[in-house]
Amino acid sequence: MVTGTSLPRAFPAGSRLNERGRLEVGGCDTIELAAEFGTPAYVVAEDDLRSRARAFLQAGSEAGQRDLHVVFASKAFPCTAVLELFAREGLWCDVASGGELYLALNAGFAPERIVQHGNAKSESELRMALRNRVGLIVVDNFDEIDRLERLVAEGELGDRGAQPVLVRVTPDVRGDTHEKISTGQADSKFGFAMGEAREAITRVQSVQGLSLQGLHAHIGSQLLSLDPFRRAAAELATLGEFPVWDLGGGLGVQYTEDQPAPPSIEQYTGAIVAAAHANGMGPDTRLMIEPGRSLSANAAVTLYTVESVKQNVSRWVAVDGGMSDNMRPMLYGAVYEAHVADRFGGSTDCVLAGKHCESGDVIVREARLNDPRPGDVIVTPATGAYCYSMASNYNGVPRPPVIFCKDGDARVVVRRESFEDMTARDVR
Ligand code: LLP
């Protein structure tokens, strides 16, 4: 039950219920936003993104790490306005494809602040990374080393001596998360197994034109305990001393009020820095982390409009979006909370369903809404990561706009997709 103006923790910082009992995000009344921009819509509290970026940087220096690079995992919210904001805040950017590299460059990230990932980088993606002089390429497998060797021999480096690279290692550490987003286990498709890592290091060192800077590990996503991060750092440290350590992303976030609270940005960053130092990665080494979700998930909410309410065994509240704007409940059984944007504190048990032609298209299985009716605006918090990026046109539903809100001003930074956009690639 929500009382007064207190809001569940999953909402963007600075959100509140205004005098009319309506949710405000970034100082904007969400009922007015829905009327002006339509629904579904991703609504982002710009200041929330900024303050999370600053919290990471500050936590690093407070923990005694002179050189902590915070690398935004752009797959979490690959939207130009978000990338521009983080570039201006001094973050680096993690890209995992040519398309993400294009987005990062287009948004103004200096190439030397871009980290190129991927377990199946194509030749053209590697050429693009080399030509654009990205700061680091994270090497995932032996075939990639062979390919890089050939490309640098063909002159893709231009007048530069060598391309800085990291070797990605799978440290055989399992975090407690959904199996689809767990990556640190021995049988992972990512990186070199511990048993292969030394050979990979030697092989990279033998290639003229590649400059090995250090090691990388990313053990999984939506992790709510810090211990697996500590174990991963300890595993990496057994492979030798290097100037750069990249410990990946993975810090979990608050999706619902009932879920255990994740570690704070400060606790997580402090633990990473301490684990690095404890394992001989001194304050003078360059330490990198790659948060995605924890920088952007809680900065945004999605607004929907109720189209119909029906009762059979359950009370079905159907809205104008669903799996085309948020695949996470279907893919990972992710649990969200939902509220009527101007009547918080609901007690009617309902299923919040999407508009798509599948029974699995359920946004919140156990929603408690306040007497939901057609026309109501529904809000789901914590949709700023892996919702926009995994959206689709399923059932010909146009993808929603992204609206940045700050100090009561709203601006569209990605417009709603149009029907014409859906035929724009037709060749007749
Ligand atoms: N670094 C690497 C190499 C990664 O693969 C990822 C995420 C990250 C950093 C950022 O992780 P984060 O801080 O966001 O946990 N679609 C899934 C999440 C997939 C994560 C993939 N890699 C979801 O919706 O939960």
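Everything numeric here is computed off the predicted structure, so don't read it as measured data.

Of all hydrophobic cores here, the largest spans 101 residues; its most connected members are Phe72, Phe86, Leu215, Leu352, Leu369 and Ile378. For this core, the two domains that each supply at least three residues are domain 1 (16-45 + 298-423) and domain 2 (47-295). Those residues in contact with Phe72 that sit more than four places away from it in its chain are Phe77, Val82, Leu83, Phe86, Leu91, Trp92, Cys93, Asp94, Pro291, Gly292, Leu295 and Ser296.

Residues in contact with the ligand amount to 19 residues; listed here are only the nearest, Ser221, Glu290, Arg293, Arg328 and Tyr386. In the environment of the ligand, a nitrogen atom lies 3.3 Å from a nitrogen or oxygen atom belonging to the side chain of Asp94. Taking Tyr332, its side chain carries an N or O atom lying 2.8 Å from a nitrogen atom of the ligand. Within the complex, the protein chains bury 91% of what would otherwise be the 590 Å² of accessible surface of the ligand. Within the shell around the ligand, the residues separate by chemical class into 6 nonpolar, 7 polar and 6 charged. For the shell around the ligand, the domains that each give at least three residues are domain 1 (16-45 + 298-423) and domain 2 (47-295).

A few words now on the packing of helix α4 (residues 98-106) against helix α5 (residues 123-131). Where α4 contacts α5, the axes come no closer than 9 Å and their chain directions differ by 25 degrees. The orientation of α4 with respect to α5, classified from their angle, is roughly parallel. Considering only the axes of α4 and α5, their crossing is left-handed. Where α4 abuts α5, its residues Gly98, Leu101 and Tyr102 lie against Glu125, Met128 and Ala129.

This part takes up the sheet that holds strand β2 (residues 23-25). The strands that make up a sheet pair up through hydrogen bonds in the backbone, lying either parallel or antiparallel. Pairing is antiparallel in the open sheet, where 3 strands are placed in the order β1-β2-β3. Edge positions in the open sheet fall to β1 (16-17) and β3 (28-29), since each of these has one partner strand only.

Quick look at the domain arrangement of the protein now. Many structure descriptions define interface size as the accessible area lost when the parts assemble. For the protein, the assigned domains read domain 1 (16-45 + 298-423) and domain 2 (47-295). For domain 1 and domain 2, the distance between their C-alpha centroids amounts to 32 Å. Opposite the 22 residues of domain 1 that make contact, domain 2 presents 22 residues. At the boundary of domain 1 with domain 2, total buried surface from both sides reaches about 2,100 Å², with 61% on carbon and sulfur atoms. Interface area lost by domain 1 to domain 2 is led by Asn298, Tyr332 and Tyr386, which between them contribute 28%. Summed over the shared surface of domain 1 and domain 2, the result is 1 salt bridge. The salt bridge involving Lys406 is made with Asp47; its shortest N-O contact spans 3.1 Å.

As a further point, take unusual backbone geometry. Here the amide bond leading from Thr39 into Pro40 is cis, since omega sits at -10 degrees, within 30 degrees of zero. With respect to the helices and strands, Pro40 occurs in the loop between α1 (30-37) and β4 (41-45). Even without a glycine there, the phi angle at Asp371 is positive, about 45 degrees. Secondary-structure assignment places Asp371 in the loop between β18 (362-369) and β19 (377-381). In this model, Tyr386 sits at a positive phi of 60 degrees, which is unusual for a non-glycine residue. If you trace the backbone, Tyr386 turns up in the loop between β19 and β20 (402-406). For Tyr386, a relative accessible area of 15% translates into the label buried.

Once that is clear, we can look at the side chain of Gln163. Checked against the element boundaries, Gln163 lands in strand β9 (residues 163-170). In this structure, Gln163 is in contact with Leu130, Val134, Gly135, Leu136, Ile137, Leu157, Gly209, Leu210 and Ser211, ignoring residues within four places of it in sequence.

What follows covers the pattern of salt bridges. Tallied over the full model, the rule gives 31 salt bridges. Notably, a salt bridge pairs Arg16 with Glu24, separated by 3.1 Å at the nearest N-O pair. Accessibility expressed as a relative area gives 12% for Glu24, which makes it buried. Here Asp376 and Arg343 are joined by a salt bridge, their closest N and O atoms 2.6 Å apart. You can see Asp376 sitting in the loop between β18 and β19 and its partner Arg343 sitting in the loop between β16 (339-340) and β17 (348-353), a full 33 residues away along the chain. Among the residues examined, Arg343 registers a relative accessible area of 18% and is labelled buried. Connected via shared salt-bridge partners are Glu46, Asp47, Arg50, Arg54, Glu89, Lys406, Asp407 and Arg411.

Here helix α7 (residues 194-205) spans 17 Å end to end across 12 residues, near enough to the 16 Å set by a 1.5 Å rise per residue. Of all the positions in α7, only Ala197, Ala200, Ile201 and Val204 are classed as buried. One side of α7 carries all its buried residues, which in axial view fall inside an arc of 105 degrees. Of the exposed residues in α7, those oriented more than 90 degrees away from the buried face are Gly195 and Glu199. Where α7 is buried, its residues touch α6 (142-153), β9, β10 (192-193) and β11 (210-216).

Okay, the side chain of Asp140 next. Inspection of the secondary structure puts Asp140 in the loop between β8 (136-139) and α6. Buried and unpaired, Asp140 has no salt bridge, with Arg168 as the nearest side chain of opposite charge at 4.9 Å. A distance of 2.7 Å separates a polar side-chain atom of Asp140 from the backbone nitrogen of Gly191.

Definitions and limits used
- Residue indices follow the written sequence of each chain, beginning from 1 at its first position.
- At least 70 in pLDDT is required for a residue's local features to be given in this predicted model, at least 80 for side-chain atom pairs to be given and counted, and no such filter applies to totals for whole chains, interfaces and linings, which use all residues.
- The basis for the side-chain values is all heavy atoms of the structure; hydrogens and waters are excluded.
- Put simply, a nonpolar core is a bunch of buried Ala, Val, Leu, Ile, Met, Phe, Trp, Tyr and Cys residues held in one set by side-chain atoms that sit within 4.5 Å of each other.
- Classification of residues uses two cut-offs on accessible area relative to the type maximum, computed with a 1.4 Å probe and protein chains only: under 20% is buried, over 50% is exposed, and between them is partly exposed.
- An automatic or database domain assignment supplies the start and end points of every domain.
- Note on contacts: a residue pair is in contact if any heavy atoms of the two residues lie within 4.5 Å.
- For this purpose, a residue is taken to be near a molecule or strand whenever a single non-hydrogen atom of the residue falls within 4 Å of it.
- Polar contacts, as counted here, are pairs of nitrogen or oxygen atoms within 3.5 Å of one another; within protein the pair requires one atom able to donate a hydrogen and one able to accept it, and residues that are adjacent in sequence qualify only if both atoms are side-chain atoms.
- In this description, accessible areas are obtained by the Shrake-Rupley approach with a 1.4 Å probe, and a residue is regarded as covered only by the protein chains that are shown.
- Note that Gly is not counted as nonpolar here; it falls among the polar residues with everything else outside the nonpolar set of Ala, Val, Leu, Ile, Met, Phe, Trp, Tyr, Cys and Pro and the charged set of Asp, Glu, Lys and Arg.
- Only the stretch in contact is used when a helix axis is fitted, and all axes are lines through C-alpha atoms; the angle between N-to-C directions ranges over 0 to 180 degrees.
- Secondary structure elements are taken from DSSP: a helix is a run of H or I of four residues or more, a strand is a run of E of two residues or more, and numbering for both begins at the N terminus.
- In these notes the angle categories are as follows: under 35 degrees is roughly parallel, over 145 is roughly antiparallel, 65 to 115 is roughly perpendicular, and the rest is oblique.
- In this scheme, a crossing is called left-handed if the near helix is turned counterclockwise away from the far one by less than a right angle; it is called right-handed if the turn is clockwise.
- Strands are labelled as partners when DSSP assigns at least two bridges between them.
- Here's the idea: put two parts together, see how much 1.4 Å probe accessible area each one loses, and the total over both is what we call buried area.
- The salt bridge definition used is simple: a Lys or Arg side-chain nitrogen within 4 Å of an Asp or Glu carboxyl oxygen.
- Helices are assigned an expected span. That span is 1.5 Å times one less than the residue count.
- Of all possible arcs, the one meant is that of the directions from the helix axis to the C-beta atoms.
- Here Asp and Glu are counted as negative and Lys and Arg as positive; His is not counted, and neither are the chain ends.

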